[in-house]
Amino acid sequence: MNTHTLDAGLYIVATPIGNLGDISRRAIEVLAGCAVVACEDTRVTGGLLHHLGLKRPLRRYDDHASDAAREALLGEMTHSAVALVSDAGTPLISDPGYRLVREARARGIAVTTIPGASALVAALTLAGLPTDRFLFAGFLPNKDKARVDVLTELAPIPATLVFYETGPRLVASLEAMAQVLPGREIAVARELTKLHEECRTGSAAELAAHYTAHPPRGEIVLLAGPPGAPEKPDEADVDAQLLAALVDLPVSKAAAHVAKAHGLDRKALYARALELKEGLKG
């Protein structure tokens, strides 16, 4: 395939996250037909192209790429096809490619996506945690306090939380989860699509103990199940809280205060607060 088979523009190409058999036919066609491949590490992408029997000019584009490097790629896109890949998986997921896409779109350059493997999605399919709503938060901070602060900020969100992690930092992140997210089901997915693929679930404390004894290697996806629904107080507790609120507040505000605290129906609590206030008079 020659470089004239593709229209000029930017092509976002997903590559395998481990098993080279996961690359799509369409991805191979785009890599074969592009004029330039922009990549994080030319050695990694060079190895992939060699496996596919392809030779393409490689340009490094990562967190440290200069504005001039981005401008050069944008200039190339105006007359040729440029493929953007990451070392593994789908570009732009926890990498800087969005800046290139954003600028290409701003200049009217065609942007095409060639979807494929993603560690984020693969881990969600394995973990057995709710997937109707999830939040991907990239990598947790490296410092202990910052890590705890981020987890504390995300803890109330009613969704499965997903993070990327590395082997040397995994235990520290699990220990922070044990502190901030007690009672949550946690999953550790690693070596995805490879021979020793693993997805282990349990409490954060249990998993921290396991991986302290068995230090993991490779890239890791760390997931935390959503918070459970808060337990609603029984009628006696609600009455006690309404009575306490009625000491200082009018009926409407007392009902609103208790309703907000427990997610209960304000009108129903207003009616009950009126009954309790009448009882106090009697």
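No experiment lies behind these values; they were computed from the predicted model shown.

Asker: What's the story with helix 6 (residues 144-154) in this structure? I'm lost.
Answerer: Residues R147, V148, L151 and L154 constitute the buried set of helix 6. Down the axis of helix 6, the buried side of the element spans an arc of 130°, and every buried residue falls inside it. Seen from the buried face of helix 6, the exposed residues on the opposite side, beyond 90 degrees, are K145 and E153. Tucked into the core, helix 6 has its buried residues touching strand 6 (134-139), strand 7 (160-166) and helix 7 (170-180).

Asker: Teacher, can you tell me more about the pattern of salt bridges here?
Answerer: Side-chain pairing between opposite charges can occur once the charged atoms of the two side chains come close. Summed over all chains, the structure comprises 13 salt bridges. For the salt bridge of R70 with D67, the shortest nitrogen-to-oxygen distance reads 2.9 Å. Highlighted residues: R70 and D67, both in helix 3 (residues 67-77), separated by three residues, approximately one helical turn. On the basis of relative accessible area, R70 is assigned to the buried category, the value being 18%. Classification of D67 by relative accessible area gives exposed; the value is 55%. In this structure, D144 and R147 form a salt bridge, with 2.9 Å as the shortest nitrogen-oxygen distance.

Asker: Where do I start with the packing of aromatic side chains in this structure?
Answerer: Two aromatic rings are characterised by how far apart their centres lie and by the angle between their planes. Using the criterion set out here, one finds two aromatic pairs in the structure. Ring plane angle 70° and centroid distance 5.9 Å describe the contact between F139 and Y164, whose orientation is recorded as edge-to-face. With F139 in strand 6 and Y164 in strand 7, the pair connects residues that are 25 residues apart, well separated along the chain. Feature note: the residues F136, F139 and Y164 constitute an aromatic cluster, connected by ring pairs.

Asker: For this particular structure, what's the right way to read the nonpolar core?
Answerer: For soluble globular proteins, the rule of thumb is that nonpolar side chains tend to be buried together. The biggest cluster of nonpolar side chains holds 23 residues, and the ones touching the most others in it are L151, F163, L174, M177, I186, V188 and L222. If you list the elements that add at least two residues to this core, you get helix 6, strand 7, helix 7, strand 8 (186-190), helix 8 (204-213) and strand 10 (219-224). No other element matches helix 7, which puts six residues into this core. The residues contacting M177, other than those within four sequence positions of it, are L151, F163, P182, I186, A204, L222 and A224.

Asker: Can you help me understand the sheet that holds strand 4 (residues 81-84) in this one?
Answerer: What links the strands of a sheet is backbone hydrogen bonding, and the strands pair in either a parallel or an antiparallel sense. Sheet architecture is open: five strands sit in the order 3-2-4-1-5, paired in parallel fashion. Each having just a single partner strand, strand 3 (58-60) and strand 5 (111-114) make up the two edges of the open sheet. Each strand axis lies, on average, 25° off the axis of its neighbour in the sheet, ignoring direction. Sheet analysis places strand 1 (residues 9-13) next to strand 4, joined by four bridges and oriented parallel. Within strand 4, the position partnered with G9 by the bridge is A81. In the packing of helix 2 (residues 42-52) onto the sheet, contacts are made with strand 2 (36-39) and strand 3, and the angle to strand 3 comes to roughly 155°.

Asker: Sorry, what's going on with the sheet that holds strand 7 here?
Answerer: The five strands lie next to each other as 6-7-10-8-9, forming an open sheet whose pairing is mixed. Every other strand in the sheet has two partners, leaving strand 6 and strand 9 (198-202) as the edge strands with one partner each. With direction set aside, neighbouring strand axes in the sheet form an average angle of 20°. In the packing of helix 7 onto the sheet, contacts are made with strand 7, strand 8 and strand 10, and the angle to strand 10 comes to roughly 5°.

Asker: Just to check I follow, could you spell out the packing of helix 9 (residues 235-246) against helix 10 (residues 251-262) for this structure?
Answerer: When two helices pack together, their arrangement is given by the angle between their axes and by how far apart the axes lie. Between helix 9 and helix 10, the shortest axis-to-axis distance is 9 Å and the interhelical angle comes to 135°. Of the possible angle classes, the one that applies to helix 9 and helix 10 is oblique. Helix-helix and strand crossings are classified by hand; for helix 9 and helix 10 the assignment is right-handed. Residues V238, Q241, L242, A245 and L246 of helix 9 pack against V251, A254, A255, V258 and H262 of helix 10.

Asker: Could you clarify how one ought to interpret the side chain of D62 in this entry?
Answerer: Mapped onto the fold, D62 is located in the loop between strand 3 and helix 3. Polar contacts involving the side chain of D62 include one to the side chain of R60, which spans 2.5 Å. Among all residues touching D62, those that are not within four sequence positions of it are E40 and P96.

Asker: Looking at this structure, I do not really get the packing of helix 6 against helix 7. What am I missing?
Answerer: Where helix 6 contacts helix 7, the two axes come as close as 10 Å, and the packing angle between them is 45°. Classified by the angle between their axes, helix 6 and helix 7 sit oblique to one another. The crossing of helix 6 and helix 7 is right-handed. Across from R147, V148, L151 and T152 in helix 6, the residues of helix 7 making contact are A172, S173, A176, M177, Q179 and V180. Class assignment of the residues belonging to the contact of helix 6 with helix 7 gives a composition of six nonpolar, three polar and one charged.

Rules of the game
- Going along each chain's sequence as written, the residues are numbered from 1 onward.
- Side-chain atom pairs in this predicted model are given and counted only at pLDDT of 80 or more, local residue features only at pLDDT of at least 70, and totals for whole chains, interfaces and linings cover all residues.
- No hydrogens and no water enter the side-chain calculation; it runs on all heavy atoms of the structure.
- Accessibility here uses a 1.4 Å probe with only protein chains present; expressed as a share of the type maximum, an area under 20% marks a residue as buried, one over 50% as exposed, and anything in between as partly exposed.
- Runs of E in the DSSP output that reach at least two residues are strands. Runs of H or I that reach at least four are helices, and both are numbered from the N terminus.
- In this description, the arc belongs to the directions extending from the helix axis to the C-beta atoms.
- When checking whether two residues touch, look at their non-hydrogen atoms; a contact exists if any pair is within 4.5 Å.
- Definition used for salt bridges: Asp or Glu carboxyl oxygen within 4 Å of a side-chain nitrogen of Lys or Arg.
- Any two rings among Phe, Tyr and Trp, with Trp reduced to its six-membered ring, count as a pair given centres within 6.5 Å; such a pair is stacked if its planes are under 30 degrees apart, edge-to-face if over 60, and tilted if neither.
- For the purposes of this section, nonpolar cores are sets of buried Ala, Val, Leu, Ile, Met, Phe, Trp, Tyr and Cys residues that join through side-chain atoms within 4.5 Å.
- Two strands are counted as paired when DSSP detects at least two bridges linking them.
- In this analysis an axis means a line fitted to C-alpha atoms, helices contributing only their contacting stretch, and an angle means the value between N-to-C directions, from 0 to 180 degrees.
- The labels follow the angle: roughly parallel below 35 degrees, roughly antiparallel above 145, roughly perpendicular from 65 to 115, and oblique for the rest.
- Crossing handedness is read from the near helix: turned anticlockwise from the far helix by less than a right angle, it gives a left-handed crossing, and turned clockwise, a right-handed one.
- Each polar contact in these results corresponds to two N or O atoms within 3.5 Å; when the atoms are within protein, one needs to be able to donate a hydrogen and the other to accept it, and residues that are neighboring in sequence are counted only if both atoms are side-chain atoms.
- In this classification, the charged set is Asp, Glu, Lys and Arg, the nonpolar set is Ala, Val, Leu, Ile, Met, Phe, Trp, Tyr, Cys and Pro, and all remaining amino acids, among them Gly, are polar.

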